Amino acid sequence: MPISSAAPHSQAAATEPSPDCPLCPRLVEFREEWRAKEPDWFNAPVPTFGPADASLLIVGLAPGLRGANRTGRPFTGDFAGDLLYATLIEFGFAQGDYRADPNDGLVLKDAAVTNAVRCVPPQNKPASGEINTCRPFLSATIDANPRLKGILALGRIAHDSVVKALGARLRDAPFAHGAVHRLDEIPLYDSYHCSRYNTNTGVLTEEMFRAVFRRISADLGRS
Ligand code: URA
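Everything numeric here is computed off the predicted structure, so don't read it as measured data.

A. Seen up close, helix H5 (residues 156–165). Listed in full, the buried residues belonging to H5 are Ala158, His159, Ser161, Val162, Val163 and Ala165. For H5, the secondary structure elements touched by its buried residues are strand S1 (56–60), helix H4 (128–143), strand S5 (150–154), strand S6 (180–181) and strand S7 (188–191). Phi turns positive, to about 80 degrees, at Gly167, one or two residues after H5.

B. Examining helix H3 (residues 79–90) more closely. With 12 residues, H3 ought to run about 16 Å at 1.5 Å a step, and its terminal C-alpha atoms sit 18 Å apart, in line with that. For H3, the full list of buried residues reads Ala80, Gly81, Leu83, Leu84, Tyr85, Thr87 and Leu88. In the segment just after H3, Gly92 is the residue with positive phi, at about 80 degrees.

C. Just the packing of H4 against H5, in detail. Running from amino to carboxyl end, H4 crosses H5 at an angle of 65 degrees, the nearest separation of the two axes being 9 Å. Remark: the crossing between H4 and H5 carries right-handed chirality. The residues of H5 that touch H4, namely those facing Ile131, Asn132, Arg135, Leu138, Ser139 and Ile142, are Ile157, Ser161, Val162, Lys164 and Ala165. Its residues placed into classes, the contact of H4 with H5 shows six nonpolar, three polar and two charged.

D. The arrangement of the packing of H3 against helix H7 (residues 206–219) in detail. Axis separation between H3 and H7 bottoms out at 11 Å; the angle between their running directions is 45 degrees. In terms of orientation, H3 and H7 fall into the oblique class. In this structure, H3 meets H7 at a crossing whose hand is right-handed. Of H7, the residues touching H3 (which contributes Leu83, Leu84, Thr87, Leu88 and Glu90) are Glu206, Phe209, Arg210 and Phe213. The residue inventory of the contact of H3 with H7, partitioned by class, reads five nonpolar, one polar and three charged.

E. Structural context of empty space enclosed by the protein. Scanning the entire structure with this criterion turns up two cavities of 30 Å³ or more. In this structure, the largest cavity is lined by 14 residues; those nearest its centre are Cys21, Cys24, Leu27, Cys119 and Cys134. Breaking the lining of the largest cavity down by element, the ones donating at least two residues are helix H1 (25–37) and H4. Considering only residue class, the lining of the largest cavity consists of 10 nonpolar, one polar and three charged.

F. Focus on the layout of surface pockets. In this structure, the largest pocket encloses a volume near 700 Å³. Together, 31 residues line the largest pocket, and Leu61, Asn124, His193, Ser195 and Arg196 are the ones closest to its centre. The set of elements that each furnish at least two residues to the lining of the largest pocket consists of H3, H5 and helix H6 (196–200).

G. Fine view of the sheet that holds S7. Taking strand neighbours across the sheet as the criterion, the five strands line up as S4-S1-S5-S7-S6 in an open arrangement whose pairing is mixed. Of all strands in the sheet, those with a lone pairing partner are strand S4 (111–115) and S6, marking the two edges. Across two bridges, S6 lies against S7 in antiparallel orientation. From the neighbouring strand, His181 faces S7, where its bridge partner is Leu188. Where H3 meets the sheet, it contacts S1, S4 and S5, and its direction lies at approximately 165 degrees from that of S4. Each of S1, S5, S6 and S7 is contacted by H7, which is oriented at about 165 degrees to S7, the strand it contacts most.

H. Broad picture of the side chain of His181. Within the secondary structure, His181 sits in strand S6. In terms of polar contacts, His181 uses its side chain to reach the backbone carbonyl oxygen of Pro174, at 3.3 Å. When sequence neighbours within four positions are dropped, the list of residues in contact with His181 reads His159, Ala173, Pro174, Ile186, Pro187, Leu188 and Asp190.

I. A look at unusual backbone geometry. Of note in this structure, Asp110 is not a glycine but carries a positive phi near 65 degrees. Note on placement: Asp110 falls in the loop between strand S3 (107–108) and S4. Positive phi, close to 55 degrees, is recorded for Gln123, a residue that is not glycine. Take Gln123: it is sitting in the loop between S4 and H4.

J. Structural detail: the site of the ligand. Around the ligand lies a shell formed by Gly60, Leu61, Ala62, Pro63, Gly64, Ala68, Pro74, Phe75, Asp78, Asn115 and His193. Here Leu61 contributes a backbone N or O atom positioned 2.8 Å from an oxygen atom of the ligand. The side chain of Asn115 places a nitrogen or oxygen atom 2.8 Å from a nitrogen atom of the ligand. Starting from 240 Å² of accessible surface for the ligand in isolation, the protein chains cover 95%. In this structure the site holding the ligand corresponds to the largest pocket. Looking at side-chain class alone, the shell around the ligand contains six nonpolar, four polar and one charged residues.

Parameters and conventions
Residues numbered from 1 in each chain as written. Predicted model: local features only at pLDDT ≥ 70, side-chain atom pairs only at ≥ 80, totals over all residues. Heavy atoms only, no water. Buried < 20%, exposed > 50% of the residue type's maximum accessible area, 1.4 Å probe, protein only. Helix = DSSP H or I, 4+ residues; strand = E, 2+ residues; numbered from the N terminus. Contact = heavy atoms within 4.5 Å. Expected span 1.5 Å × (residues − 1). Axes fitted to C-alpha atoms, helices over the stretch in contact; angles between N-to-C directions. Left-handed = near helix turned anticlockwise from the far one by under 90°. Nonpolar A, V, L, I, M, F, W, Y, C, P; charged D, E, K, R; others polar. Parallel < 35°, antiparallel > 145°, perpendicular 65-115°, else oblique. 1 Å grid on protein atoms, 1.4 Å probe; cavity = no way out; pocket = protein on both sides within 12 Å on 5 of 7 lines; lining within 4 Å. Points joined across faces, edges and corners; volume = space filled by probe spheres on them. Pairing = 2+ DSSP bridges. Polar contact = N/O pair within 3.5 Å; in protein donor to acceptor, adjacent residues only side chain to side chain. Near = heavy atom within 4 Å. Areas by Shrake-Rupley, 256 points an atom, 1.4 Å probe, with all protein chains shown as cover. Sits in = over half its atoms within 2 Å of the grid points.

Have a look at this one:
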């Protein structure tokens, strides 16, 4: 069952913003600008990809303008998606071919991919108020999954938002690549973001990224 905003109970918090979410004025203005420029693009909050009862939730930063914001699937068409989806396929968290297209038939297996901020931000940089405003959707995504066994944060911003969503304090869980934080019954794994900048500069190598997935797979009893 895909994660959706259709709450099973009227009391349940929405896991997805509405397509015309009005909560962040700057992001609304940017969205309207790109709807006018590129009417065939998705240009709306990008929903979580993957099963709602996945053991692993991967949290990125925000949709890329010409990637996820264009295609409507997290990391799809973004440079960062090449390494993310190749690694998910390698570790059995995805099946099929990743072709940077939401119609490529790629299926996530026991993993879901979302973003701390669901709308594309100008210059790829969400403001702190926007991260806070979008957090209830992240919290609801976490809370709606009773089978969740691990969260992987890609980068510090995703990490900080997950820590706050879990009700913990940042000083008790500083971001560090390769760290595992046990703040809750759900462990939080940290990785540097698999962005073009980080991979081109060697901040994150493919092997470093694989090592994070090796650890997660072992903890989930998959290897
Ligand atoms: N695309 C996304 O959907 N999220 C990121 O964090 C980066 C690119």
